[in-house]
Amino acid sequence: MAFLSSMNITGSALTAQQLRLDVVSENVANINTTRVEGGEGPYQRKMVVMEADGGRDTFRQVLAQAAGDVPAQTYNLSQTGGVRVTQIVEDTSPFKLQYDPSHPDANADGYVEMPNVDLVKEITDAMAATQAYSANVTAFNTLKTVATRALDIGK
């Protein structure tokens, strides 16, 4: 049933955005962490990498088929599509240096390497993830309403 694949697509988006929010929370929690486990320097900012997950033809392909530019193909409705998180990567931008000779992690010149976490970037990323999550909740609720009404027709 097509509405079940739509639920799977929306569910994959909700899961991906929730993980994105979790990573943002971890970054903000470690904004002042100057030493990670093993003592290998300050905390490195993490980022979520997402990719489209299979599914039906792209909009461009469907439009080309509708215009007659490309022969029509049958859709494989068993592939639901959606989004998936492929990896969580560390940001390779340089660490910030802060002058604090009394800090236990200060180097010989009195500078401490601080995490490469920028609070403005994190808040922006959190807001974008929240908006995407909210949009997917709205899509899911709309789909639920459509499915309920379709079931009511059969009564």
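Given the structure is predicted, the values throughout are model-derived calculations rather than measurements. (Residues numbered from 1 in each chain as written. Predicted model: local features only at pLDDT ≥ 70, side-chain atom pairs only at ≥ 80, totals over all residues. Heavy atoms only, no water.)

Okay, the pattern of salt bridges next. If you walk through the whole model with that rule in mind, you get seven salt bridges. The salt bridge partner of D91 is R45, with a shortest N-O separation of 3.4 Å. Note that D91 is positioned in the loop between β2 (83-90) and β3 (96-99) and R45 in the loop between α1 (2-29) and β1 (46-52), a separation of 46 residues in sequence. When sorted by exposure, D91 lands in the same class as R45, which is buried. For R84, the salt bridge goes to D53, with nearest N and O atoms at 3.9 Å. Taken together, the residues R84 in strand β2 and D53 in the loop between β1 and α2 (59-66) connect sequence positions 31 residues apart. For D53, a relative accessible area of 29% gives the class partly exposed. Each of the salt bridges in this network shares a partner with another, and the network as a whole consists of R45, D91 and E122. (Salt bridge = Lys/Arg side-chain N within 4 Å of Asp/Glu carboxyl O. Helix = DSSP H or I, 4+ residues; strand = E, 2+ residues; numbered from the N terminus. Buried < 20%, exposed > 50% of the residue type's maximum accessible area, 1.4 Å probe, protein only.)

Here the focus is helix α3 (residues 119-153). Look at α3: 51 Å from first C-alpha to last across 35 residues, which is about the 51 Å you get at 1.5 Å a residue. Residues E122, A129, N136, L143 and A147 constitute the buried set of α3. (Expected span 1.5 Å × (residues − 1).)

Where nonpolar side chains cluster on the molecular surface, the patch consists of V28, L119, I123 and M127 and spans about 340 Å² of accessible area. Looking at the nonpolar patch element by element, the count peaks at three residues for α3. By the element assignment, I123 lies in helix α3. Look at I123 and you get partly exposed, because its relative accessible area is 45%. (Patch = residues over 30% accessible without salt bridge, like charges linked within 9 Å, V, L, I, M, F, W, Y side chains within 5 Å. Areas by Shrake-Rupley, 256 points an atom, 1.4 Å probe, with all protein chains shown as cover.)

What follows is about the environment of Y111. Of note, Y111 is situated in strand β4 (residues 111-114). Residue class for Y111 comes out partly exposed when judged on its relative accessible area of 35%. Taking C-alpha positions, Y111 is 5.9 Å from L97, a pair spaced 14 residues apart along the chain. Residues within four places of Y111 in sequence aside, it is in contact with L97, Q98, Y99, D105 and A106. (Contact = heavy atoms within 4.5 Å.)

For the rest of this paragraph, the subject is the side chain of N116. Here N116 shows up in the loop between β4 and α3. We classify N116 as buried; its relative accessible area is 6%. In terms of polar contacts, N116 uses its side chain to reach the backbone amide nitrogen of R45, at 2.8 Å. Among the polar contacts listed, one links the side chain of N116 to the backbone oxygen of S93, at a separation of 3.1 Å. (Polar contact = N/O pair within 3.5 Å; in protein donor to acceptor, adjacent residues only side chain to side chain.)

Side chains V112 and M114 of β4 all project onto a buried face; the interleaved residues Y111 and E113 project onto a face where none is buried. Across four bridges, β3 lies against β4 in antiparallel orientation. Within β4, the residue paired with L97 across the bridge is E113. (Pairing = 2+ DSSP bridges.)

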